[in-house]
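# Inside the fold
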Amino acid sequence: MPYASPPLASPPDARMGLPNLMRSLVEALGGPELPAPAIPGLAERLAGRQTLILLVADGLGEAQLRRHLPRGLLARQQLHRLASVFPSTTASAVGTLLTGLPPISHGLSGWHVWAEEVGDAPGELLAILPLSRRGGPTPPPETRIAWARQILAAPDLPLPLDLSTRLAAKVTHIAPNDILHSPFNEQLSQAAIRLGYQRLDELFAGLRQALEARDPARPHFIYAYWPDFDSLAHHFGPDSPEAVAALKAFQQGLGKFLAPGLEQAALLLTADHGFITAPPERLIRLDQHPDLHRLLRQPLSGERRAAYAHIQPGQVEEFAQRARERLGHALWVCPSQELLAAGWFGQGPLHPRLLSRIGDLTLILKEDWTLKDSLPGEREHRQIGMHGGVSPAERQVPLCLFT
């Protein structure tokens, strides 16, 4: 099925992306080989450092860094521009940072994931990070724990998804208290020491505590996650005073943390994705196109900027043709398996559930358009800032190095 390709002429860079960063880090820690090639020269620059810190500023794309902190500490220490994964969203990108694997292998295809292996139907359409049903009641904790164990395992792959269990290094994870012990995080950090925080200053205090708790007998990997810019950018917009103030406070806090020095450590800072501003008048509601919507066999999954369409049997061509004719000004209609074959989800072993999760067609939004459908009783989430698509503002993230 031919289609007009998005402006991203090729999949995310095969040598300068988040999977390549993880290969370099794991190589420097003496860990097992990962599928992606290392970033040239990075592991050598990190050699001899007993402790490696990966600090993830959720949503801090290179566009946001250049626009709001153009001459600050982070801009001065930027080493590379990296490509996020596809889709450019937290579930897929943090999945790579916690497993070392690209989406083709970890199988986390976006915020909403069709998980055919769980539920009574069988199958559930889940918001994968909180492990809650789309448009349904929140399941009890024991159900969410069981789902995490099923979804975040890949018995057909040659290695477990959880990177912390594959490293000989000591591993520490630092994250906000309200997500630190979520079933998702616990399943992907089983061998890690966990430190929680609430305020920004507590994040850097936790980093200092972890840094001082090094074990001279083995290397130490510290993963730290800061979500505040992402939350504010979604709610107020990525260029809003609220979001920009949070970025400036973060950079100032990092500077204070670094002031005493890192000794035998190195700190790398990156992000999972960037942002665009999404005007509400450029939101397409697919359920307001009933002739298209009835051709779906289940609601859309993935992202508002890259949605997966699971089509009724025998209706793929019909849906694709109608969608191109009516919505081609706002989106590309891409056969999901062609994106997979072209390397958009990365290179590596194929997760046994990925094909079912990405559906028949991927609808990739142009410019600042977004797409969703609605379920009965589903809460409306108004978001000004968006990501998940293929624009440079969403895909390009900085890599900063402090030694």
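The following refers to the structure shown. (Residues numbered from 1 in each chain as written. Predicted model: local features only at pLDDT ≥ 70, side-chain atom pairs only at ≥ 80, totals over all residues. Heavy atoms only, no water.)

Time to look at the pattern of salt bridges. Considering all chains together, one arrives at 19 salt bridges under this definition. The partner of Arg 218 in a salt bridge is Asp 215, and the shortest N-O contact between them spans 3.5 Å. You can call Asp 215 partly exposed: its relative accessible area is 26%. Among the ionic pairs, Asp 360 bridges to Arg 297, the shortest N-O distance being 3.5 Å. Pair noted here: Asp 360 is in the loop between helix H16 (354-358) and strand S15 (361-365) and Arg 297 is in the loop between helix H13 (290-293) and strand S12 (301-302), with a separation of 63 residues, a long-range link. The partly exposed category is assigned to Arg 297, whose relative accessible area is 43%. In the salt-bridge network here, residues are joined through shared partners; they are Asp 291, Glu 318, Arg 322 and Arg 326. (Salt bridge = Lys/Arg side-chain N within 4 Å of Asp/Glu carboxyl O. Buried < 20%, exposed > 50% of the residue type's maximum accessible area, 1.4 Å probe, protein only. Helix = DSSP H or I, 4+ residues; strand = E, 2+ residues; numbered from the N terminus.)

This brings us to the packing of helix H1 (residues 18-28) against helix H5 (residues 90-99). Direction vectors running N to C along H1 and H5 enclose 15°, while the axes themselves pass 9 Å from each other. Between H1 and H5, the interaxial angle falls into the category roughly parallel. The handedness of the crossing between H1 and H5 is right-handed. Across from Leu 18, Pro 19 and Met 22 in H1, the residues of H5 making contact are Ala 93, Thr 96 and Leu 97. Looking at the contact of H1 with H5 residue by residue, the classes come out as five nonpolar, one polar and no charged. (Axes fitted to C-alpha atoms, helices over the stretch in contact; angles between N-to-C directions. Parallel < 35°, antiparallel > 145°, perpendicular 65-115°, else oblique. Left-handed = near helix turned anticlockwise from the far one by under 90°. Contact = heavy atoms within 4.5 Å. Nonpolar A, V, L, I, M, F, W, Y, C, P; charged D, E, K, R; others polar.)

Okay, the nonpolar core next. Among the nonpolar cores identified, the biggest contains 86 residues, and Leu 21, Leu 54, Phe 221, Leu 254 and Phe 257 are the most heavily contacted of them. In terms of residues, this core owes the most to one element, helix H12 (residues 241-258), which gives seven residues. Within the second largest apolar cluster, 21 residues are counted, among which are Leu 296, Leu 331, Leu 361 and Leu 371. (Core = buried A, V, L, I, M, F, W, Y, C linked by side-chain atoms within 4.5 Å.)

In the structure shown here, the tally under the stated rule is six aromatic pairs. Between Phe 204 and Phe 250 the ring centres are 5.9 Å apart and the planes differ by 40°, which places this aromatic pair in the tilted class. Pair noted here: Phe 204 is in helix H10 (residues 200-212) and Phe 250 is in helix H12, with a separation of 46 residues, a long-range link. One exposure class covers both Phe 204 and Phe 250, and it is buried. Between Phe 229 and Phe 275, the aromatic rings sit 6.0 Å apart at their centres with planes inclined by 90°, giving edge-to-face as the arrangement. Here Phe 229 is found in helix H11 (residues 228-236), whereas its partner Phe 275 is found in the loop between strand S9 (265-270) and strand S10 (276-277), with 46 residues between them in sequence. Of the residues examined, Phe 229 reaches a relative accessible area of 0% and is grouped as buried. An aromatic cluster is built from Phe 204, Trp 226, Phe 250 and Phe 257, whose rings are joined through pairwise contacts. Looking at Lys 366, its charged tip hangs above the ring of Trp 332, at a distance of 5.1 Å from the centre. (Phe/Tyr/Trp six-rings, centres within 6.5 Å; stacked < 30°, edge-to-face > 60°. Lys NZ or Arg CZ within 6 Å of the ring centre and 35° of its normal.)

Attention shifts here to the sheet that holds strand S18 (residues 396-402). Pairing within the open sheet is mixed, and its seven strands lie in the order S2-S18-S9-S1-S8-S6-S7. Edge positions in the sheet fall to strand S2 (78-83) and strand S7 (193-197), since each has one partner strand and no second. Pairwise comparison of adjacent strand axes, ignoring direction, gives a mean angle of 20° for this sheet. Pairing geometry for strand S6 (residues 170-176) and S7, over five bridges, is parallel. If you follow Ile 174 over to S7, its bridge partner there is Leu 195. (Pairing = 2+ DSSP bridges.)

Coordinates in, geometry out; function isn't part of it.
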